[in-house]
Structure formats: C-alpha cells, structure tokens
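Secondary and tertiary structure notes
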Amino acid sequence: MEEFHNQGELLKVIWKLLYSTSSARDQGTLYAARNTLNARNVTQDPADDYYAASDLVEKVATAYIITGGLTHFGMESIDSIPCKHVYDGEVGNTNDMQEYIFDQARSFVKTFTLPEVPKLPEYGPNCNTYNCRYCGKKYKQPHSLRKHEFSIHGHYDLLFAKEKVSSSKDNENESDGVSAYIKLVLTLGLLRMDRNDAIHMGDGSRMLRIDQFLVLYYKYCHCTKYAFGTLETIAQTEVLLTERQAHRLIWNRTVNHRGDVNTNHPNDLDVEHCNKVFKDFAHSYRGVFTEKVVARVSKSAMKVHEIIKQFDKVCNVRVPSGRHKTCDKEIDIITLVRQFQACNLFDFIPGRSHYAYPNIKENPLTELDIEFVRDWIAASLKKFQNKHFC
Ligand SMILES: [Zn+2]
C-alpha cells in the first residue's frame, strides 16, 4: 500500500463523515471553519487540493485541542490562568510538571476521542477451513459449524442464543450530537497527525499500528481498495513474510533526503515536492482515477519533476514555496478557537446536534457489522494466500 495515497484516502474518510456543504451554520464543523477561514481551495472532494484539505483538517483539529484544553483547565482565553485541574505541585520540578501535564492530556484524550474498536465475535468460524474449535470436526458451511458448536459444545452464538446480549445502550434523548462530532474530528484528526508524525520520524511500526484503526474506518466508509490494501500490508508483516522481509517492509516505508530525525517522507512519492506535478498529471485523468492510473501517474510524475527541477537549476529559476507561513496558520487557529469557545462545544448538552448531522453516531465503528468484517478478513487472507510476496 502506498503511503501518499493512504494519507489522501484518510482525508476522504474524514470528508465522508464530517464535511457537508449544508453545515455552513453549524459552528464547529469543517465546512463552517472553511468558510470562516475563507479556504476556498477546499472543496467537496479533498483530492481537488490535497494541501488545502489537509491544512483545514489540521487547523480545525488543533483548534479543537486548544479549545478543549481551555475548557478542561477552566480558562477564559489562552492568556488566562487555569481555574480547574490546577497544578499544585512544586513549580520548577520538571519531572512532576511533565507527569502532571501527561496525566491531564491522557484524561482529555480518554474523554474526547474514540479509541474503542469493536471486537471480532467469539463465535462463528475462527479459521478458513471451518473446523470445530472443540473437536476439530470439519464443516462445509459456516452455518452448520456454528450450529454444531452451539448445540454440541454449548458455545455461545448470537444466532441461536435465547437471551440476546443487548449491545445498544444509547438513549436518543441523552446523546449530544455536537459532542459526538467533536469526538470524531478529534479521533480522526489525531490519528492523522500521529500518522504524519510517524512518517516524518520514519517510524514504520507506529504507521502500521495506526493503520490497524484505519482499516476499520476504510471498511466503514466503503473504501474497499484501501481497506484491502492496508489489511494486506498488515497481514504481510504479521504472517505472510519471513521475519527478515517483514522487518524490511515495516522500516523501509520512508525516505530521508535531509537527514534530520524528522525529515522523512513516504517513499512512494516525495509528497512535499511532487504533489503539484502529480496533481497536474492526475487532472487529465479526472473521472477515471483508478488505482492503476494513480500508480502510473505517480511513476511518471516523479520523472517529470526531476526534469523540471533540473531545468530550473540550469536556468537559475527560483521556485516560490507556495506554502503558508507558520504565523498565518496560528492566526487561523486562534480565530477558530475564539469561535469554538463562544459555542460551548465542549460542554455536554443532551439533545443538541448540528443541523447537518442530526443523527451522528458517537462512534461509527460500533455500527460496523463485525461478523461481516470477520468474514471479509478471512476471505481476504484466502486471496493473499495465492499471491507471491517477497
Ligand atoms: Zn465439535
């Protein structure tokens, strides 16, 4: 699975779940923030301008973190003194201070993100050959296996069990749609930041850990190819490759031209420099943007970019970076923080919701048909089985 496209696909997930042009009046939503910041390059398709979309997500997520932090510490603005969760340890003791701030951050993350993922069911086939988990008897149909395990061995199965475990405990009246939206923004925003950071640090192991969350979100949003591709990479590193090959795959996913600890880039495409070329190329394929086209374009875009760079060098052309300055970014984030603060976003107010998201689920992953996901994983493993990896 290629890194650059993985990052783009995560934006698509965020857009599917959280971007709606009918949410202009819903303060705190991505689209309202886009209008506030006048980020006109951000459109309904994040692929139109990867950087613009990426910038918006980062700014909104950061503004949420700051606003949430202000609420957590009972602060009126970023310059005021905390009234809640006040540090009462020794000032100057860096160990204590650090531990305290990590504790506070941990409790914030626990409250405002959704780290829970649904577990695979403990009934039904647990291997592709449909053997009984107790006596090993082999079945042709998963249904017969389940019936056998239930009736002969008394293994719990939702399908046959009389007393159903009630899983939904959410009371419609008690949910806060605005709060649910925030949690999703923070969850996906932080996963994305974490993943970007992992890429910059060349931390392949962390990238894969985050990918395990992403598979489920891809699955939920019907991003079929990416769900399959990411699962394939995980399966490669976990079971399909030798230890040596797996180690190479995990730690060979980035390149580092500048040689600082945090200057790694995905090795499939040098995003920082080639994105523009890539986009120009990809533009001519609008409408038929298949995985094959993406692969072809990213290959040729690299070559073209090399040629252009060489040309500029020979002709002494200076290329403007085209990226916003850090201070512009800060101003944008502070603008959003002020706006978010005025809306009491981080208070829990049962019954409220954004106009554009009347029925938003607090954790969309709990909506996944997990039996279906299990069967999909099993079927995918069967497909990988026939491929040759090296
Ligand atoms: Zn049996």
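This structure is a prediction, so every number in the text was calculated from the model and none was measured. (Residues numbered from 1 in each chain as written. Predicted model: local features only at pLDDT ≥ 70, side-chain atom pairs only at ≥ 80, totals over all residues. Heavy atoms only, no water.)

Comments concerning the overall build of the protein
Test applied: Note on conventions: DSSP H or I runs of at least 4 residues are helices, E runs of at least 2 residues are strands, and numbering of each starts at the N terminus. The contact criterion used is simple: two residues touch if any of their non-hydrogen atoms lie within 4.5 Å. Per-residue accessibility takes into account occlusion by the displayed protein chains alone, with areas from the Shrake-Rupley method and a 1.4 Å probe.
Within the protein, the secondary structure is distributed over 13 helices and 2 strands. Put simply, 67% of the contacts in the protein that link residues at least 6 apart link residues at least 24 apart. Taken as a whole, the protein presents about 23000 Å² of accessible surface, with 54% of it coming from carbon and sulfur.

Details of the coordination of the zinc ion
Definition in use: Only nitrogen, oxygen and sulfur atoms qualify as donors, provided they sit within 2.8 Å of the metal or within 3.2 Å for Na, K and Ca; with water excluded from the atoms, sites may seem incomplete. Site shape is set this way: if four donors have all angles between 85 and 135 degrees, tetrahedral; if opposite donors are over 155 degrees apart and all others between 65 and 115, square planar for four donors and octahedral for six; otherwise irregular. With a 1.4 Å probe rolled over the protein chains alone, any residue whose accessible area is under 20% of its type maximum counts as buried; one over 50% counts as exposed, and the rest are partly exposed.
Distances from the zinc ion to its protein donors, Cys132 (SG), Cys135 (SG), His148 (NE2) and His153 (NE2), fall at 2.0 to 2.3 Å. Each of the 4 donor atoms around the zinc ion contributes to a set of angles spanning 99 to 123°, which defines the coordination as tetrahedral. In primary sequence terms, the donor set of the zinc ion follows C-x2-C-x12-H-x4-H. On the criterion of sequence distance, the pair formed by cysteine 132 in the loop between helix H4 (94–112) and helix H5 (142–153) and histidine 148 in helix H5 is long-range, its members being 16 residues apart. Histidine 148 matches cysteine 132 in its accessibility class, with the two residues each being buried.

Topic: the packing of aromatic side chains
In plain terms, the rule: Each pair of aromatic rings taken from Phe, Tyr and Trp, with Trp reduced to its six-membered ring, is defined by centres within 6.5 Å and is described as stacked if the planes are under 30 degrees apart, edge-to-face if over 60, and tilted in the remaining cases. Our definition puts a charge over a ring when NZ of Lys or CZ of Arg is within 6 Å of the ring centre and also within 35 degrees of the ring normal.
Tallied over the entire structure, the rule returns 14 aromatic pairs. Ring plane angle 50° and centroid distance 5.3 Å describe the contact between tyrosine 181 and tyrosine 357, whose orientation is recorded as tilted. Highlighted residues: tyrosine 181 in helix H6 (residues 177–200) and tyrosine 357 in the loop between helix H12 (326–342) and helix H13 (370–385), separated in sequence by 176 residues. Taken as a pair, tyrosine 181 and tyrosine 357 share a single burial class, namely buried. Through pairs of rings, three or more aromatic residues link up here, namely Tyr64, Phe108, Phe112, Phe340 and Phe346. In this arrangement the basic side chain of arginine 25 is found over the ring face of tyrosine 355, its NZ or CZ atom lying 4.9 Å from the centre.

Here's the deal with the state of the cysteines
We apply this condition: Note on terminology: pairs of cysteine sulfur atoms within 2.5 Å are recorded as disulfides.
On inspection of all chains with the given rule, the structure shows 0 disulfides. For the unlinked cysteine cysteine 223, the closest cysteine sulfur is that of cysteine 221, found at 5.3 Å.

Points about the nonpolar core
As a reminder, the rule being used: By nonpolar core is meant a set of buried Ala, Val, Leu, Ile, Met, Phe, Trp, Tyr and Cys residues that side-chain atoms within 4.5 Å join together.
Core analysis: the largest hydrophobic core is formed by 67 residues, its most contacted members being Val13, Trp15, Leu18, Val60, Tyr64 and Leu188. Excluding residues within four positions of it along the chain, leucine 188 makes contact with Leu10, Val13, Ile14, Leu17, Leu18 and Tyr217.

Quick word on the pattern of salt bridges
Where we set the bar: Salt bridge, as used here, is a side-chain nitrogen of Lys or Arg placed within 4 Å of a carboxyl oxygen of Asp or Glu.
Taken as a whole and judged by the stated rule, the model has 16 salt bridges. Salt-bridge contacts for glutamate 149 lead to arginine 133; the nearest nitrogen and oxygen are separated by 3.1 Å. Residue glutamate 149 is found in helix H5, and its partner arginine 133 is found in the loop between H4 and H5; the two are separated by 16 residues along the sequence. Among the residues examined, glutamate 149 registers a relative accessible area of 2% and is labelled buried. A salt bridge links aspartate 211 to arginine 253; the shortest N-O distance between them is 3.8 Å. Taken together, the residues aspartate 211 in helix H7 (residues 204–220) and arginine 253 in the loop between helix H9 (243–251) and strand E1 (254–256) connect sequence positions 42 residues apart.

Notes on the packing of helix H8 (residues 224–240) against H9
Formally: For every element, the axis is a line fit to its C-alpha atoms; helices are fit only across the contacting stretch, and the angle between N-to-C directions ranges from 0 to 180 degrees. An angle below 35 degrees is treated as roughly parallel, one above 145 as roughly antiparallel, one from 65 to 115 as roughly perpendicular, and anything else as oblique. Three classes are used, and their members are as follows: Ala, Val, Leu, Ile, Met, Phe, Trp, Tyr, Cys and Pro are nonpolar, Asp, Glu, Lys and Arg are charged, and the others, Gly among them, are polar.
Packing of H8 against H9 leaves a shortest axis separation of 8 Å and a crossing angle of 140°. As far as their axial angle goes, H9 and H8 are oblique. Contact with H8, carried on its side by Thr233, Gln236 and Thr237, involves Ala246, Leu249 and Ile250 of H9 and no other residues of that element. Tallied by class, residues from the contact of H8 with H9 come to 3 nonpolar, 3 polar and no charged.

With respect to the packing of H6 against H7
Applied cut-off: Should the near helix be turned counterclockwise from the far one by less than a right angle, the crossing is left-handed, whereas a clockwise turn marks it as right-handed.
Contact geometry for H6 and H7: axes closest at 9 Å, N-to-C directions at 145°. Read as a crossing pair, H6 and H7 show a hand that is left-handed. Contacts between H6 and H7 pair Leu184, Thr187, Leu188, Leu191, Asp194, Arg195, Asp197, Ala198 and Ile199 from the former with Arg206, Met207, Ile210, Asp211, Phe213, Leu214 and Tyr217 from the latter. Taken together, the residues of the contact of H6 with H7 break down into 10 nonpolar, 1 polar and 5 charged.

Quick notes on H13
Along an α-helix, residues three or four apart share an orientation, since each turn contains 3.6 residues. Stated formally: A helix is expected to span 1.5 Å multiplied by its residue count minus one. Throughout, the arc means the angular range of directions from the helix axis out to the C-beta atoms.
End to end, H13 covers 22 Å across 16 residues, agreeing with the expected 22 Å (1.5 Å per residue, within 8%). By the burial criterion, the buried members of H13 are Ile370, Val373, Arg374, Trp376, Ser380 and Phe384. Seen end-on, H13 carries its buried residues on one side only, within an arc spanning 160°. Contact partners of the buried residues in H13: H5, H7 and H8.

What to know about unusual backbone geometry
Notably, asparagine 38 is not glycine yet its phi reads approximately 55°, a positive angle. Within the fold, asparagine 38 resides in the loop between helix H2 (30–36) and helix H3 (50–72). Positive phi values are uncommon outside glycine, yet asparagine 344 reaches one of about 50°. Given a relative accessible area of 42%, asparagine 344 falls into the partly exposed group.

Notes on H5
An ideal rise of 1.5 Å per residue puts 16 Å on 12 residues; H5 measures up with 16 Å between its terminal C-alpha atoms. Taken together, the buried residues of H5 touch H13. Two residues or fewer past H5, glycine 154 is found with a positive phi of approximately 65°.

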